[in-house]
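Residues per chain are reported as follows:
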Amino acid sequence: MEKQTLLYEGKAKKVYTTQDPELLIVSYKDDATAFNGLKKGTIQGKGVINNQMSNLLMARLERQGVPTHLVRELSPRDTLVRRVSIVPLEVIVRNLAAGSFSKRYGVEEGTAFEVPALELSYKNDELGDPLLNDDHAVALKLATREELAAIRTYTLQIDRMLQKIWASCGVILVDFKVEFGRLPDGTIVLADEISPDTCRLWDAQTREKLDKDRFRRDMGGVEEAYCQVMERLRNSL
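One numbering rule holds for all chains: residues counted from 1, following each sequence as written. Totals for whole chains, interfaces and linings use all residues, but because this is a predicted model, local features are given only for residues with pLDDT of at least 70 and pairs of side-chain atoms are given and counted only at 80 or more. By convention in this description, side-chain values take in all heavy atoms of the structure and omit both hydrogens and water.

Visitor: Give a detailed account of helix α6 (residues 222-236), specifying residues and quantitative values.
Guide: Elements are defined by DSSP. Helices are runs of H or I of four residues or more, strands are runs of E of two residues or more, and each kind is numbered from the N terminus. Helix span, expected: 1.5 Å multiplied by one less than the number of residues in the helix. With 15 residues, α6 should reach 21 Å at 1.5 Å per residue; the first-to-last C-alpha distance of 22 Å fits that figure. Throughout, exposure labels follow a simple rule: accessible area from a 1.4 Å probe, protein chains only, divided by the maximum for the residue type, with under 20% read as buried, over 50% as exposed, and the rest as partly exposed. All buried positions along α6 are accounted for by Val222, Ala225, Tyr226, Val229, Met230 and Leu233. Buried residues in α6, looked at end-on, bunch into an arc of 130°, giving them a common side. Structural note: α6 exposes Glu224, Glu231 and Asn235 on the side pointing more than 90 degrees away from its buried face. Taken together, the buried residues of α6 touch α1 (46-63), α4 (145-167), β14 (199-203) and α5 (213-216). The arc under discussion is defined with respect to the helix axis, by the directions toward the C-beta atoms. The contact criterion used is simple: two residues touch if any of their non-hydrogen atoms lie within 4.5 Å.

Okay, here's the thing in structure tokens:
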């Protein structure tokens, strides 16, 4: 399967058409952004790590009953996926308070929740990805109530699975963001990626940050953190 036309270029990935109209190739970049694109930079090797980590985790989730867009990995940076229509929602699960949640609600970073807190935001950079609820999503025709129910069920299932996977690596899954898409028949599947770009990952012993917060907060050691979590994941699977 080969790349044909560049269909879309985002902050972290390029998407190409293929000979098959139902299949696309996603190519991961080393570009890094934060704060809705206000901060830009490069994390060397990030594209390879994010591609391979996302594929490892999606394959694991698929085997445990979560449908995904993954078809197969083509190269260190490129993956063949099923073509989907992205549901314009970012679905965030928070197991501990951190980042914008701590700022928004005045909760100390690292505070653990008794149950996961699930948030929805409208995937729209121009509006700053505002938070919304199910009624807003339905009113804006972003998703149906049936789709929202499926998305919530899958997301909480993903959270339980990912927490176990990362715990086996000595890592705390603080929070993460996922996106979903619709197949041509309307089936909801997990899309986008699962990586240190989309997950907050802390060392279970030291609570050292091992994710894109190191880039957001100018902490240094970004490439090393990405490499470390990838190595831990490979060793655990």
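That shown, we press on.
Visitor: Explain the sheet that holds strand β2 (residues 13-17) to me, and be specific about the residues and the numbers.
Guide: A pair of strands counts as paired when DSSP detects no fewer than two bridges linking them. Spatial ordering of the open sheet is given by β1-β2-β3-β7-β6, a layout of five strands whose pairing is antiparallel. The open sheet is flanked by β1 (6-9) and β6 (70-73), the only strands paired with a single partner. Pairs of neighbouring strands in the sheet enclose a mean axial angle of 25°, with direction left out of account. Alignment of β2 against strand β3 (residues 23-28), held across five bridges, turns out to be antiparallel. To get an axis, fit a line to the C-alpha atoms, keeping to the stretch in contact for a helix; angles then go from 0 to 180 degrees between the N-to-C directions.

Visitor: So, the side chain of Asp211: which residues are in play, and what are the values?
Guide: Of note, Asp211 is situated in the loop between β14 and α5. The positive count covers Lys and Arg only, the negative count covers Asp and Glu only, and His and the chain ends enter neither. Salt bridges are defined by distance alone: a side-chain nitrogen of Lys or Arg within 4 Å of a carboxyl oxygen of Asp or Glu. The side chain of Asp211 is buried and forms no salt bridge, while Arg216, the nearest opposite charge, is found at 4.4 Å. One polar contact links the side chain of Asp211 to the main-chain amide nitrogen of Asp213, over a distance of 2.8 Å. Non-local contacts of Asp211, meaning those with residues more than four positions away in its chain, are made with Pro196, Cys199, Arg200, Leu201, Trp202, Arg216, Ala225 and Tyr226. Polar contact is defined as a pair of N or O atoms within 3.5 Å, subject to the rule that within protein one atom must be able to donate a hydrogen and the other to accept it, and that residues adjacent in sequence are counted only when both atoms are side-chain atoms.

Visitor: Before we move on, could you go through unusual backbone geometry and cite the residues and values that matter?
Guide: Apart from glycine, the bulk of residues carry a negative phi angle, and the bulk of peptide bonds sit in the trans form. At Asp129, a residue that is not glycine, the phi angle is positive and equals roughly 50°. Within the secondary structure, Asp129 sits in the loop between β10 (112-122) and β11 (131-132).

Visitor: Before we move on, could you go through α4 and cite the residues and values that matter?
Guide: For an α-helix, 3.6 residues make a turn, and residues three or four places apart therefore share a direction. Taking 1.5 Å per residue, 23 residues should reach 33 Å; α4 reaches 33 Å between its end C-alpha atoms and fits that length. Looking only at α4, the buried set comprises Glu147, Leu148, Ile151, Thr155, Gln157, Ile158, Asp159, Met161, Leu162, Ile165 and Trp166.

Visitor: Give me the nonpolar core: which residues, what numbers.
Guide: The nonpolar side chains of a soluble globular protein tend to be buried, and buried together. With 45 residues, the main nonpolar core has Leu162, Trp166 and Leu190 as its most contacted residues. If you list the elements that add at least two residues to this core, you get β4 (31-34), α1, β9 (89-96), α4, β12 (171-182), β13 (188-191), β14 and α6. Tallying contributions element by element places α4 first for this core, with seven residues. Discounting residues that sit within four places of it in the chain, Trp166 has contacts with Met53, Leu57, Val171, Leu173, Leu201, Val229 and Leu233. In these notes, a set of buried Ala, Val, Leu, Ile, Met, Phe, Trp, Tyr and Cys residues joined through side-chain atoms within 4.5 Å is what counts as a nonpolar core.

Visitor: Please give an account of the environment of Leu173 that cites residues and values.
Guide: If you trace the backbone, Leu173 turns up in strand β12. C-alpha separation for the pair Leu173 and Thr111, spaced 62 residues apart in sequence, amounts to 13 Å. With residues up to four places along the chain from it excluded, the contact list for Leu173 reads Asn95, Asp159, Leu162, Gln163, Trp166, Cys199, Arg200 and Leu201.

Visitor: Summarise the pattern of salt bridges; cite the residues concerned and give the values.
Guide: Counted by the stated rule, this structure contains 26 salt bridges. Across the pair Glu119 and Arg94 runs a salt bridge, and its minimum N-O distance is 3.2 Å. Pair noted here: Glu119 is in strand β10 and Arg94 is in strand β9, with a separation of 25 residues, a long-range link. Per residue, the accessibility class of Glu119 equals that of Arg94, and both read buried. One salt-bridge network, held together by shared partners, links Arg94, Arg104, Glu109, Glu119, Asp175, Arg200, Lys209, Asp213, Arg216 and Arg217.

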